[in-house]
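# Notes for the structure review
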Amino acid sequence: ETLNFRPDLALLTVKTQDVVAAVKANQAFLNDVPVVTFQNGVRSDELVASLLSRGQILSAVVLMHVTYLLPGKVTVVYHGKLILGRPFGPRDGQLEQVAHILNQAVSTRVTDNIQGAHWLKLIVNLNNALPAITNYTMSQVYANACLRDLAVSLMREGLRVINRANIRLESLPGVSVGLTRLISWMPRGIAGGIAAMKVRRLTTVWPLWGSTLQSIQRGRPTEIDYLNGEIVELGEHCGEATPLNSKMVELVHQVERTGQFLSVEEIRRAFKQ
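In what follows, the accompanying structure is described. (Residues numbered from 1 in each chain as written. Predicted model: local features only at pLDDT ≥ 70, side-chain atom pairs only at ≥ 80, totals over all residues. Heavy atoms only, no water.)

### Some points on the overall build of the protein chain
The cut-off we apply is this: Under the DSSP-based scheme used, a helix requires at least four consecutive residues in state H or I and a strand at least two consecutive residues in state E, with every element numbered from the N terminus. The quantity called the radius of gyration is restricted to C-alpha atoms. Its globule counterpart is 2.2 Å times the number of residues to the power 0.38. Buried means the residue's accessible area, taken with a 1.4 Å probe over protein chains only, is under 20% of the maximum for its type, while exposed means over 50%, and partly exposed covers the values in between. Should any heavy atoms of two residues lie within 4.5 Å, those residues are counted as being in contact. Here, Shrake-Rupley sampling with a 1.4 Å probe gives the accessible areas, and only protein chains in the shown set may cover a residue. Note that His is not counted, nor are the chain ends; the positive residues are Lys and Arg, and the negative ones are Asp and Glu. Working definition for charges: the position is that of NZ of Lys, CZ of Arg, CG of Asp or CD of Glu.
Within the protein chain, the regular secondary structure consists of 13 helices and five strands. Here the C-alpha atoms of the protein chain give a radius of gyration of 18 Å, agreeing with the 19 Å that 2.2 N^0.38 yields for 273 residues. The buried share of the protein chain, taken over its 273 residues, is 48%. Pairs at least 24 residues apart make up 71% of the contacts formed inside the protein chain by residues separated by at least 6 positions. Per element, the accessible surface of the protein chain, about 13,200 Å² overall, is 52% carbon and sulfur. Where the 28 positive side-chain charges of the protein chain centre and where its 22 negative ones centre are 7 Å apart.

### Side note on the pattern of salt bridges
Selection rule: Definition used for salt bridges: Asp or Glu carboxyl oxygen within 4 Å of a side-chain nitrogen of Lys or Arg.
In the structure shown here, the tally under the stated rule is 13 salt bridges. Linking Arg 220 and Asp 18 is a salt bridge whose minimum nitrogen-to-oxygen distance equals 4.0 Å. Separated by 202 residues along the polypeptide, Arg 220 in the loop between α10 (211–217) and α11 (228–238) and Asp 18 in the loop between β1 (10–12) and α1 (19–26) bring together distant segments of the chain. Relative accessible area serves as the criterion here: at 28%, Asp 18 is assigned to the partly exposed category.

### Quick look at the pairing of strand β4 (residues 73–85)
Threshold: At least two DSSP bridges between two strands are required for those strands to pair.
Sheet topology note: the strand β3 (residues 57–70)/β4 ladder contains 10 bridges and is antiparallel. Bridge assignment links Val 62 to a residue of β4, and that residue is Leu 82. The hairpin turn running from β3 into β4, its antiparallel successor, is two residues long, and Gly 72 in that turn takes a positive phi close to 80 degrees. Looking at chain direction, β4 and strand β5 (residues 108–110) are connected through three bridges and run parallel.

### Regarding unusual backbone geometry
At Asn 135, a position not held by glycine, the phi torsion is positive, near 65 degrees. For Asn 135, a relative accessible area of 31% puts it in the partly exposed group. Although it is not a glycine, Asn 166 sits at a positive phi angle of roughly 60 degrees. Within the secondary structure, Asn 166 sits in the loop between α7 (145–164) and α8 (177–185).

### Some points on the packing of aromatic side chains
Each pair of aromatic rings is reported with the distance of its centres and the angle of its planes. The condition is simple: Each aromatic pair joins two rings of Phe, Tyr and Trp (for Trp, the six-membered one) with centres within 6.5 Å, and gets the label stacked for planes under 30 degrees apart, edge-to-face for over 60, and tilted for any other angle. Only when the NZ atom of a Lys or the CZ atom of an Arg is both within 6 Å of the ring centre and within 35 degrees of the ring normal do we say a charge sits over the ring.
Tallying each qualifying case throughout the model produces zero aromatic pairs. Stacked on the ring of Phe 88, the Lys or Arg Arg 54 has its end atom at 4.2 Å from the ring centre.

### Comments concerning the nonpolar core
Most often, soluble globular proteins keep nonpolar side chains buried together rather than apart. Heads up, the condition is: Take the buried Ala, Val, Leu, Ile, Met, Phe, Trp, Tyr and Cys residues and link them wherever side-chain atoms come within 4.5 Å; each set so joined is a nonpolar core.
Formed by 55 residues in total, the largest nonpolar core has its most connected members in Trp 119, Leu 130, Ile 133, Ile 162 and Ile 231. Each residue touching Trp 119, except ones within four places of it in the same chain, is listed here: Val 42, Ile 162, Ile 167, Leu 169, Ile 231 and Leu 234.

### Describing the side chain of Asn 245
We apply this condition: Side-chain atoms alone can form a polar contact between residues adjacent in sequence; in general such a contact is a pair of N or O atoms within 3.5 Å, and within protein one must be able to donate a hydrogen while the other accepts it.
Summarising the element assignment, Asn 245 is placed in helix α12 (residues 243–258). On the basis of relative accessibility, which here comes to 0%, the residue Asn 245 falls in the buried class. Reaching out from Asn 245, the side chain makes a polar contact with the side chain of Asn 228 at a distance of 2.8 Å. If near-sequence neighbours (up to four positions away) are discounted, Asn 245 is found in contact with Leu 126, Leu 154, Glu 157, Gly 158, Asn 228, Ile 231 and Val 232.

### Looking at α8
Applied cut-off: By arc we mean the arc of the directions from the helix axis to the C-beta atoms, nothing more.
If you check which residues of α8 are buried, you get Val 177, Thr 180 and Ile 183. The buried residues of α8 occupy one face: seen down the axis, they fall within an arc of 125 degrees. Summarising the geometry of α8, the exposed residues directed more than 90 degrees from the buried face are Gly 178 and Trp 185.

### Notes on the environment of Thr 2
You can see Thr 2 is positioned in the segment before β1. Spatially, the C-alpha atom of Thr 2 lies 5.8 Å from that of Asn 26, the residues being 24 residues apart in sequence. Residues contacting Thr 2, with those up to four places away along its chain left out, are Ala 25 and Asn 26.

Written as structure tokens, this is what we have:
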């Protein structure tokens, strides 16, 4: 659907791959309107800035979990928080005002390093690909030793690339930069245990499905190119190899194309190759 009026505030909540089309469809009503981006990954703000003024754009990191498989039916699995910031400028009164509005619905805090917050969320989201290729819940992924080790390895590879690119990460509620870096060098078994514990804390009466898997289950294109794919692209830019995340992007696209999920043994063989 498209707007037929000029709003006071616009919330852009489509997937990253649909951002440009959504903004273009509503551009006539968005002149000088503050627009909040809500996408995973790190690409959305630049995409919106190619169509709107950078001064209009506010950016949110979404730290909540929902299940959306059927039109009109959304289950909130975990009530989380929003982190809000200016991707192209300093904190200002409008940012504080929008944060106050959003805080009435979801606990919202402001940061001066929203890009660093997005990059840390991206590192956490690298494990989203594992439910997508297995049709497992997050709990099932982290209960399997092979998949748990792979999740840690994907994150470690992503952190190596981010370090090479000199990107300054920003801590998130429940996910500190310090703990993330600690996981990157501690023994893989211990690191996987910590990650599994965090997943268990998020588990409620509803299963925790990854958002990438939910896209596949709805028959929609995934945003894998804007998650693990961003690590691959950044690695190419700064000369850091990313074989694990490259393979993961390939496997998710394979599942999208064929509709066939992979067994743990098939995944093990794919990564050995």
